[in-house]
Amino acid sequence: MSFADLGLSPKLLEAIAAAGYENPTPIQKEAIPPALKGQDVLGIAQTGTGKTASFTLPMIERLSKGRARARMPRSLVLAPTRELAAQVAENFEKYGANHKLSMALLIGGVSFGDQDAKLTRGVDVLIATPGRLLDHFERGRLLLTGIEVMVVDEADRMLDMGFIPDIEKIFKLTPMTRQTLFFSATMPPEIQRITDQFLHQPVRVEVSRPATTADTIKQNIVRVPSKDDRQKRAVLRELIGKDDVKNGIIFCNRKSTVDVVAKSLQKHGFNARPIHGDLAQSFRTETLDKFRSDDLQFLVASDVAARGLDIPAVSHVFNFDVPIHSDDYVHRIGRTGRAGRKGAALMLVTPADGKHLDSILKTIGAKEIEELDFSEFFEANPASERPDRKGGRGDDKGGKRRSRRGERSSSERSSGERSGRNETKDAKETKEPANDQPAAEKPVDAEVDNDNAAPANKQPDEGRSSKRRRGGGDARSSRRREEAVVGLGDHVPAFLTRKVAR
Ligand code: AMP
């Protein structure tokens, strides 16, 4: 079956040919014809299947007739992260090259003023992250009653990030007559509930997940005896320094770890940059561009920032931390070994990671992942007795500062607070670990892109999560609370005891 058989117009076929696509992918074959007819579509597919074109192409076709009115976009695409939203926008530009459609991207890191000016002129396509969209709506800058087509992309990721209440709210702001194209890699009950409520007799299109662990990916683990991140960083350097490592993504569970690892690698002369939701949008875009154009060898990433990104295959994936959710392991290593090419996935496993490793093995249906023998390396590079001081500096004297009792230092707390400052209530309450858990225990899913919080929440160190942490069970902070002096304590300065003359 060719693209022409799907019922797309010559202008679109031209743009598709210019993109270099010869044949539609399975999701495109199944989703485009009903979408062109105006039917709702429930697409169960993940990134890499060509799902973006499967909703972009019919949308362009539909929007080619009619005109946009001021502040009333005609279509809406919701994406969980800035990068995904930007990627969808690129797709619209590519496939809509022969159409005159206006488009606005409502994401964090882009000035409100510019976004507002576009909305005022009227847009055919509005691509947004949920938080930013509601922000504009609540400021009265936007009406959603003109929405003809609404797309929800990566719905299960939105669920992980606690955006489902926002999505429900947005659905209710759009007209019942809209067409809905809804995409999710998995269908947990909460997503099923949303689709039952808001989709009208959708055509269900399911494309099989790429083999969970492609045969082309060679997987290995290295057991790291110490939980000290310095030792993990030393092992990482050893692994990435090998000749066959052309390029790679290094996954960490926390944003603060991403920063430390990237800085440490830079200091050791590696061409590495971090990417996570707290970094400025311009930096994130520049980093991805460099990585795509081979100017950057290593991308140190968090799951949220990397999920769904259209990054060309890499030769290696490194799991600096064992992912908390086994699904993330599959997503992470799926970045290598694509299209029949060989890839390698290496993961550092500390004694504390047993439970998560077991769940990964269960997910990938393996008894074990072959272990690389690093005994000689550890003999030559024993873990330091000293606690990993100077956290956050990214040097190898650095890392996360811990007291001997494993409490988090104030710098680490504030970094955790910063990284979690825009977590939504749902994400925080279900995912946050107790404060005395090791750093690696904090699930990455608690990470939420900054776009999804109102600007008012964007003050560093001011998030709701920071309040929770401060109020939590951290031994040191509770001791501080017990010792806290109320008012002036026992000391009353003399001037206060003097009688006041009337
Ligand atoms: P997506 O799953 O939408 O993120 O797409 C993954 C990648 O597949 C992107 O780089 C697209 O440009 C590419 N792609 C989409 N459709 C096709 C197609 N029909 N043929 C070849 N590549 C495609």
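None of the values given here were measured: they were computed from a predicted structure.

Taken in spatial order, the seven strands make up an open sheet running β3-β4-β2-β5-β6-β1-β7, and their pairing is parallel. In this open sheet, the two strands that pair with only one neighbour each are β3 (103–106) and β7 (203–206). Averaged over neighbouring strand pairs, the angle between their axes works out to 10° when direction is ignored. Pairing between strand β5 (residues 149–152) and strand β6 (residues 179–184): four bridges, direction parallel. What sits directly across from M150, in β6, is T180. Contacting β1 (41–44), β6 and β7, helix α2 (residues 26–36) crosses the sheet at an angle of about 165° to β7. Each of β3 and β4 (125–128) is contacted by helix α5 (residues 112–121), which is oriented at about 145° to β3, the strand it contacts most.

Regarding helix α1 (residues 10–19), the residues found buried are L12, A15 and I16. Within α1, the buried residues cover an arc of 100° as seen down the axis, which keeps them to one side. Structural note: α1 exposes P10, E14, A17 and A18 on the side pointing more than 90 degrees away from its buried face. Where the residues of α1 are buried, they touch α3 (51–63) and α4 (82–95). Of the residues one or two after α1, G20 is the one with positive phi, at around 90°.

A few words now on the site of the ligand. Around the ligand, 14 residues are found, and the nearest of them are Y21, Q28, G48, G50 and T52. In the model, a nitrogen atom of the ligand is placed 2.9 Å from a nitrogen or oxygen of the N23 main chain. One nitrogen or oxygen atom from the side chain of Q28 is found 2.8 Å from a nitrogen atom belonging to the ligand. Out of a free accessible area of 490 Å², the ligand has 76% covered by protein chains.

Moving on to the packing of helix α6 (residues 130–138) against helix α8 (residues 164–173). For the pair α6 and α8, the least separation of the axes is 10 Å and the interaxial angle reads 45°. Relative to α8, α6 is oriented oblique. Read as a crossing pair, α6 and α8 show a hand that is left-handed. Contacts between α6 and α8 pair P130, G131, L133, L134, F137 and E138 from the former with D166, I167, K169, I170 and L173 from the latter.

Next up on the list: the environment of Y95. Structurally, Y95 is set in helix α4. Once residues lying within four places of it in the same chain are set aside, the contact partners of Y95 are L12, A15, A19, Y21, A53, T56, L57 and I60.

Further remarks concern the sheet that holds strand β10 (residues 272–275). Taken in spatial order, the six strands line up as β8-β13-β12-β9-β11-β10 in an open sheet, and their pairing is parallel. Strands at the two margins of the open sheet, each flanked by one partner only, are β8 (217–223) and β10. The average angle at which neighbouring strand axes cross in this sheet is 20°, direction not considered. Across four bridges, strand β12 (residues 316–319) lies against strand β13 (residues 343–349) in parallel orientation. When the bridges of β13 are listed, H316 appears paired with A344. Contacts from helix α11 (residues 255–267) reach β9 (248–251), β10 and β11 (298–301), with the element oriented near 170° to β10.

Before going further, it helps to examine the packing of aromatic side chains. If you walk through the whole model with that rule in mind, you get eight aromatic pairs. Plain terms: the ring middles of F270 and F298 are 6.2 Å apart, the flat faces sit at 75° to each other, and that makes the pair edge-to-face. One end of the pair, F270, is in the loop between α11 and β10; the other, F298, is in strand β11, with 28 residues separating them in the sequence. F298 matches F270 in its accessibility class, with the two residues each being buried. Grouping aromatic residues by their ring pairs yields a cluster made of F270, F298 and F318. The ring of F320 carries the charged tip of K232 above its face, separated from the ring centre by 4.7 Å. For the cation-ring pair, R273 lies above F283, with the distance from its terminal atom to the ring centre recorded as 4.3 Å.

Turning next to the pairing of β11. Across the two faces of β11 the burial is the same, with F298 and V300 and L299 and A301 all buried. Bridging between β9 and β11 involves four bridges; their strand directions are parallel. Opposite I249, over in β11, you have L299 as the bridge partner. One ladder, built from four bridges, connects β10 with β11; its direction is parallel. Considered in β11, the bridge of P274 is made with V300. Handedness of the crossover joining β10 and β11 through helix α12 (residues 281–292): right-handed.

Attention shifts here to the confidence of the model for the chain. This prediction gives the chain a mean pLDDT of 78; 73% of its residues lie at or above 70. The low-confidence segment residues 387–492 (pLDDT under 50) makes 218 contacts with residues lying over four places distant or belonging to another chain.

A word on unusual backbone geometry. One non-glycine residue, R71, adopts positive backbone phi at about 60°. Inspection of the secondary structure assignment puts R71 in the loop between α3 and β2 (75–78). One non-glycine residue with positive phi stands out, namely Q201, at about 40°. On the secondary structure map, Q201 appears in the loop between α9 (189–198) and β7.

About the thresholds
Residues numbered from 1 in each chain as written. Predicted model: local features only at pLDDT ≥ 70, side-chain atom pairs only at ≥ 80, totals over all residues. Heavy atoms only, no water. Pairing = 2+ DSSP bridges. Helix = DSSP H or I, 4+ residues; strand = E, 2+ residues; numbered from the N terminus. Axes fitted to C-alpha atoms, helices over the stretch in contact; angles between N-to-C directions. Contact = heavy atoms within 4.5 Å. Buried < 20%, exposed > 50% of the residue type's maximum accessible area, 1.4 Å probe, protein only. Arc of directions from axis to C-beta. Near = heavy atom within 4 Å. Polar contact = N/O pair within 3.5 Å; in protein donor to acceptor, adjacent residues only side chain to side chain. Areas by Shrake-Rupley, 256 points an atom, 1.4 Å probe, with all protein chains shown as cover. Parallel < 35°, antiparallel > 145°, perpendicular 65-115°, else oblique. Left-handed = near helix turned anticlockwise from the far one by under 90°. Phe/Tyr/Trp six-rings, centres within 6.5 Å; stacked < 30°, edge-to-face > 60°. Lys NZ or Arg CZ within 6 Å of the ring centre and 35° of its normal. Right-handed = clockwise from strand over helix to strand, strands pointing away. pLDDT = per-residue confidence, 0-100.

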